[in-house]
Structure formats: C-alpha cells, structure tokens
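Structure at a glance
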Amino acid sequence: MRRLACTVALCAAVLPPATARAQPAATKTLVLLNANLIDGTGAAARRNVSVIVEGGRIARIVDGRAPIPTGADTIDVAGRWVLPGLIDVHTHIATLPSMRRALESGVTTVRSASVPAYQDVGARELVRRGVLPGPDMLAAGVFVTPYLGETAMADPRLAPFAREVMSPDALRAVVNINADRGVDVIKTRATERAGLADQDPRKQVYDEAQLRVIVEAAAARNLKVLVHAHGDEGAYAAVKAGAHSIEHGTYLSDSTLALMKQRGTYFVPTYATVVDLTSPGGDYDEPPLRVRGLHMLPRLGESVRKAHALGVPVVAGGDTQYGPQSVTRIPHEVAFFVDLGFSPMDAIRSATAVAARCLGIDQRTGTLVPGKEADLIVVERNPLEDVRALQDVLVVVADGRVALNRVPFGLGR
Ligand SMILES: [Zn+2]
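Residues numbered from 1 in each chain as written. Predicted model: local features only at pLDDT ≥ 70, side-chain atom pairs only at ≥ 80, totals over all residues.

**Some remarks on the sheet that holds strand β8 (residues 136-138)**
Strands sit in the order β6-β7-β8 across an open sheet of three strands; the sheet is parallel. In the strand order of this sheet, the two ends are held by β6 (86-91) and β8, each with one partner. Here the average twist between neighbouring strands, direction ignored, is 20 degrees. Relative to β8, strand β7 (residues 107-112) runs parallel, the two being bridged by three bridges. Its bridge partner lying in β8, R111 is registered against L138. (Pairing = 2+ DSSP bridges. Helix = DSSP H or I, 4+ residues; strand = E, 2+ residues; numbered from the N terminus. Axes fitted to C-alpha atoms, helices over the stretch in contact; angles between N-to-C directions.)

**Structural notes on the environment of A94**
Mapped onto the elements, A94 comes out in the loop between β6 and α2 (96-104). Excluding its chain neighbours within four sequence positions, the residues that come into contact with A94 are V115, P116, Q119 and Q321. (Contact = placed C-beta atoms within 7 Å.)

**Quick word on the pairing of strand β2 (residues 46-54)**
As defined by bridge partners, strand β1 (residues 30-37) adjoins β2 across five bridges and the pair is classed as antiparallel. For V31, the partnering residue across the bridge sits in β2 and is I52. Bridge count for β2 against strand β3 (residues 57-63) is six bridges, and the pairing is antiparallel. Looking across to β3, one finds that V49 is bridged to D63. The antiparallel pairing of β2 with β3 creates a hairpin that spans two residues between the two strands, and G55 there sits at a positive phi of about 60 degrees.

**Let's talk about the domain arrangement of the protein**
With domains assigned, the protein is organised as domain 1 (26-83 + 369-409) and domain 2 (84-359). The centre of domain 1, based on its C-alpha atoms, is set 29 Å off from the matching centre of domain 2. Elements with a minimum of two residues in the side of domain 1 that touches domain 2: β13 (376-379), β14 (393-398) and β15 (401-405). Partitioned by chemical class, the residues of the side of domain 1 that touches domain 2 number 13 nonpolar, four polar and four charged. (Domains from an automatic or database assignment. Nonpolar A, V, L, I, M, F, W, Y, C, P; charged D, E, K, R; others polar.)

Structure follows, in structure tokens:
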C-alpha cells in the first residue's frame, strides 16, 4: 500500500494533468558558474569555466571571468565538477519511478535491453515530448528469445510464437513486430541466464545461423542487435553473426575477444550486476545465485581486463530495472572498471563518450562540447582523483532542463 501511494505520488509529480501542453525542451538560457569541467572527449580537465546552455544544448563554454548572458538562470556550482550525463546502455526500465531513479543517479540516456510490454517505447515518447524530464531512452521492446513467456501478451501478433521462437520465420517475425512497434534496437540472446538458478549461463540457445537471421532481419529495418551472452560458444557465434554488442561476456575466450576487436564489437560486461549476485539484497537475493556469482565474478573481471588491454570498446551498463530494491548504478560500474585497471578518464568515457558511440548517438550527446545536448551532471569532488565522486550526484541537467539540483541544500566549503 505504501509502495502504491509512493508510486502514485511520483506519477503525479512527473505527469502534468492531461489538459496541460507538453513541455518543449528548455528554451531559457542556463549557466553553470564556477565549474571545473571534464568534457568527456578525453581532453584534460578545465578549471573555472562557465557552461552556457541555450535551447537545450551546450552553447558555449567560456572562462569563468567572461561575461555571461543577462537574464539567464544560473547555478553556482562553486568549484564542483561538471561531466557529461552518464549513459546506461543496458537497462530494463518499465516504470515512471524507475525513470526517476535512473535520472537522479546521473543517468541522462539509457538503452533498454528489453521490457515486457513496450514500456520503453512509451517512455521514450514521454521524454521526447517533455512530459518526463528524462532519461532519453533507446527502446528494445520485447526480447527475441526462444521462449517469450508472458511477453507474448505485449502484442497480439506475438501469439503464434508464444511457445517457441526458433525457426527463421519465427525469428524474423518477432524482429519485425518489434520494428513495427518502433524500437531503436533488437535484443536477443546467445546463452541462458545467470540470474535464474535453474539455467546455465554457459549454455548456448541460438546458433550462429539463427543469430544471423536475427541480425539480417534487424538490419533490413535499420536496427542493430545487442546479444546477451555469458558462455563463450554463444558469444563467438554472436560476434560472427554480426552482433553490435555482447552483453555480460563472462566467459569470453581470447579468440572471441580478438574477433570482437577485429569487428569493432562493443562489450557491455554489466559487472556491477554480478557483484549484486554475490551480495545480499538488490535485484538478486538468492543463495544459489550468490554461489554462482562468486565464481563468475573473477572470470568476468578477467574478460574485462583483457578486453580493455586489447582495445575492445568496453561500455557501462547496469542491467537493472532501477526498481525500489535495486542497488546497481552506473557510477558503481565505472568504479569497478577503475578497480579492474582502467584509468579514471577511460572509465568515465565508458559511461559517456564511448557509450554514446556504441548507441550511435555521439553526434548529439556523450561529450560536453558546443552544439551537443545539454546532458550533464555535477559532482562534489574531482572524479579523476577519486572516481567514487560520481556516486554522489548534486545536479542533473537533461536536454537543458534541471532534473535535480541539490546545490541549494548547501555544499559546505
Ligand atoms: Zn539484462
């Protein structure tokens, strides 16, 4: 009951009454004063600048002593650190409170990795129309998986495939229904899941030929394919079949990693979620999964280290629904990457610039340079010195709109 009341209150907070006009992207000029800037391009940090936002985009970044437009809204961040908004390339967000939780954790763009009933397509439109403040959503719709389960209820055209999605015709049909529903990407799997105790994450479920049918059907609709794969046999088949990204990749072999490097396949390890498997609470809280997580985690860490050393682009994904019990956040994933040997700058870019490139949206977000969308966060300390600074987000701006501002609560000096 308490949870329901809370949900309703949140909905009321984010949704205007039905008669209200949809809000366009912010048009009033916004200036962040006295900022230290990490722009995500890989360039060195800049001290004491003003970030000027106009029409929802970064207009200019000027020396802190330069004059700023009169009449602008201002936030004096008093020497705190401004970075591009974080990007989570593997989410399962299906509710408004989850959207809010992601946004307030500093995530201004997400890629869905499937939801039960096209809530991601709907959420994307609510953000585009300004009804929700963010995050910007790339939708995947329904998982292309051998057994649809209750996701077969998402669209009546899925009913013939409810019991089995294995034949080329069935695979193509599920891809095309997703495309008709307006998704931005296709999600499929090459192996079973780690998060279900009765499945074996090493076990392959689609072979290279089936994965190729999915990739080709998606390409015909101008869509790329992200492939869930823990086991190496499935992952190798997925890379050969033309997967755009491998999600999880726990048991990747050297030859699969070499092929990923050669093909430019992105790697989304979702390491923080395997940490969640190993610990009480969170999205996964079952003793058998804890046992499994404990042996998966070092193996996944090895895959991430090797991938990064080889130059395979590693991207931050949380693999969470951002539910009320969820403990997985992108700043944790970034900190784990640093533990695994990334420089703080590389780890930050895995959740900003490199993530934007993975999603094909780097021309509009992922770095803070003039002309890009004003998707940014403010944190208290320099994350290049201690990357855990990202875990305490003070300000979130999405498409130039202030979605969170904790500066008035007092930052201390
Ligand atoms: Zn997932």
